[in-house]
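Overview (structure and organization)
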Amino acid sequence: MDVAQLKRQLIAFTELLYREGFLDEQFNQLQQLQDENNPNFVAEVVTLFFEDAERILNELANNLDQQSVDFKKVDAHVHQLKGSSSSIGAQRIQRVCIIFRTVCNEKNVEGCLKCLQQLKHEYALMKSKLETLFNLEQQILAAGGPPSI
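In this text, all values refer to a predicted model and were calculated from it rather than measured experimentally. (Residues numbered from 1 in each chain as written. Predicted model: local features only at pLDDT ≥ 70, side-chain atom pairs only at ≥ 80, totals over all residues. Heavy atoms only, no water.)

Further remarks concern the packing of aromatic side chains. Across all of its chains, the model carries two aromatic pairs by this definition. Judged by centre distance (6.0 Å) and plane angle (85 degrees), the ring pair of Phe-50 and Tyr-123 falls under edge-to-face. With a gap of 73 residues between them, Phe-50 in helix α3 (residues 41-64) and Tyr-123 in helix α6 (residues 109-142) connect regions that are remote in the sequence. Its relative accessible area of 8% is what places Phe-50 among the buried residues. (Phe/Tyr/Trp six-rings, centres within 6.5 Å; stacked < 30°, edge-to-face > 60°. Helix = DSSP H or I, 4+ residues; strand = E, 2+ residues; numbered from the N terminus. Buried < 20%, exposed > 50% of the residue type's maximum accessible area, 1.4 Å probe, protein only.)

With 41 residues, the main nonpolar core has Leu-81, Ile-93, Phe-100, Leu-119 and Leu-130 as its most contacted residues. Contributing elements (two or more residues each) for this core: α1 (3-19), α2 (25-32), α3, α4 (71-88), α5 (91-105) and α6. Considering each element in turn, this core owes the most residues, eleven residues, to α6. (Core = buried A, V, L, I, M, F, W, Y, C linked by side-chain atoms within 4.5 Å.)

In the numbering adopted here, UniProt assigns the feature "domain: HPt" (unreviewed entry) to residues 38-143. Spanning residues 38-143, this segment combines 86% helix with 0% strand, and its end C-alpha atoms are found 19 Å apart. (UniProt positions renumbered as here; feature names shortened; annotations may be inferred.)

Turning our attention to the environment of Leu-60. Inspection of the secondary structure assignment puts Leu-60 in helix α3. Taking the C-alpha atoms as reference points, Leu-60 and Ala-76, 16 residues apart in sequence, are found 9.7 Å from one another. Ignoring anything within four residues of it in the chain, the contact list for Leu-60 reads Val-74, His-77, Val-78, Phe-100, Leu-116 and Leu-119. (Contact = heavy atoms within 4.5 Å.)

Let us look at the UniProt feature "modified residue: Phosphohistidine" (unreviewed entry) in the protein. Listed under "modified residue: Phosphohistidine" (unreviewed entry) in the UniProt record, and renumbered for this structure, are His-79. By the element assignment, His-79 lies in helix α4. Taking the relative accessible area as the measure of exposure, His-79 reaches 44% and is therefore partly exposed.

In structure tokens:
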């Protein structure tokens, strides 16, 4: 595939991520910070998000598995994930976190477990979509194209 075709594919895929609500304007802002001096900036920031999110999801699962759930602790983890998802423009994860915090404030264990499952689902989708996006960018670079949209 030539560079022009790959670029069209990248642009179309990125537009789809915005239309489907996976990304918001914050992701665009993040991309604006990337330049030739730091061509992997967005991928590095997103990789840190992935690591942090996986840790938080595991902590949430552990906290919700306790006999007596510490809802303040659960809420603190969800708040942290909401903030980090917001900072990379992961809009759908952020939305689930908002609902999760409401359910947590109601001390609804069953609702929290459902929100956790939804968060895990949205996280897996987001990770897959962004890995595809970064893979397209790498293909463009490997084909001799410029390093961004």
